[in-house]
Amino acid sequence: MAAASAVRAAGRRSRRLFDIFVAEIPWTVSSKELKEYFSQFGSVQRCQLPFDRDTGFHRRYCWIKFSTPEEVQNVLQKDSHVLEGSKLALKQQSRRRRSQRRTPSE
């Protein structure tokens, strides 16, 4: 049990390193297609699209990492993003410096 919770906590920490959270992704869209779509705004370093182990389908959300903050702004400036007829929901990830992180006692 402790190992599983440590893995989940590490996953949450690593996701803070991503620039954009994308939700409402159609089931039929792959990580390759997401990378291709978002590459029109800049260089996509990474796309993390988690899958459900039980169903084998992705969970309809992902995290996208870009090379520069300017590329992130290019994505956020566009009013809406539509893939296969579905409007994607985007949220910019907040980044915390180590000195700004809360301690467990807070």
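Cut-offs and rules
- Residues numbered from 1 in each chain as written.
- Predicted model: local features only at pLDDT ≥ 70, side-chain atom pairs only at ≥ 80, totals over all residues.
- Heavy atoms only, no water.
- Helix = DSSP H or I, 4+ residues; strand = E, 2+ residues; numbered from the N terminus.
- Buried < 20%, exposed > 50% of the residue type's maximum accessible area, 1.4 Å probe, protein only.
- Contact = heavy atoms within 4.5 Å.
- Pairing = 2+ DSSP bridges.
- Axes fitted to C-alpha atoms, helices over the stretch in contact; angles between N-to-C directions.

The chain is annotated in an unreviewed UniProt entry as SLIRP protein of Thryothorus ludovicianus.

Moving on: the environment of Gln45. With respect to the secondary-structure elements, Gln45 resides in strand β2 (residues 44-48). Of the residues examined, Gln45 reaches a relative accessible area of 48% and is grouped as partly exposed. Linking Gln45 and Ile64, residues 19 residues apart in sequence, is a C-alpha distance of 7.8 Å. In this structure, Gln45 is in contact with Lys65, Phe66 and Ser67, ignoring residues within four places of it in sequence.

A word on unusual backbone geometry. A positive phi angle, close to 65°, is found at Glu24, a residue other than glycine. By secondary structure assignment, the location of Glu24 is in the loop between β1 (20-23) and α2 (31-38). Positioned with a positive phi, Glu84 is a non-glycine residue whose angle comes to about 50°.

Residues in a regular strand project their side chains so that they alternate between the two faces of the sheet. Counting buried positions along strand β3 (residues 61-66) gives five out of six residues, so the element sits mostly inside the fold. Examined bridge by bridge, β1 and β3 share four bridges and lie antiparallel to one another. The residue bridging Ile20 from the neighbouring strand is Ile64, located in β3. For β2 and β3, the ladder comprises four bridges, and the chain directions are antiparallel.

Next up on the list: the sheet that holds β2. Taking strand neighbours across the sheet as the criterion, the five strands line up as β2-β3-β1-β5-β4 in an open arrangement whose pairing is antiparallel. The open sheet has two edge strands with one neighbour each: β2 and β4 (81-83). Direction aside, neighbouring strands of the sheet carry axes that sit 30° apart on average. One ladder, built from four bridges, connects β1 with strand β5 (residues 86-92); its direction is antiparallel.

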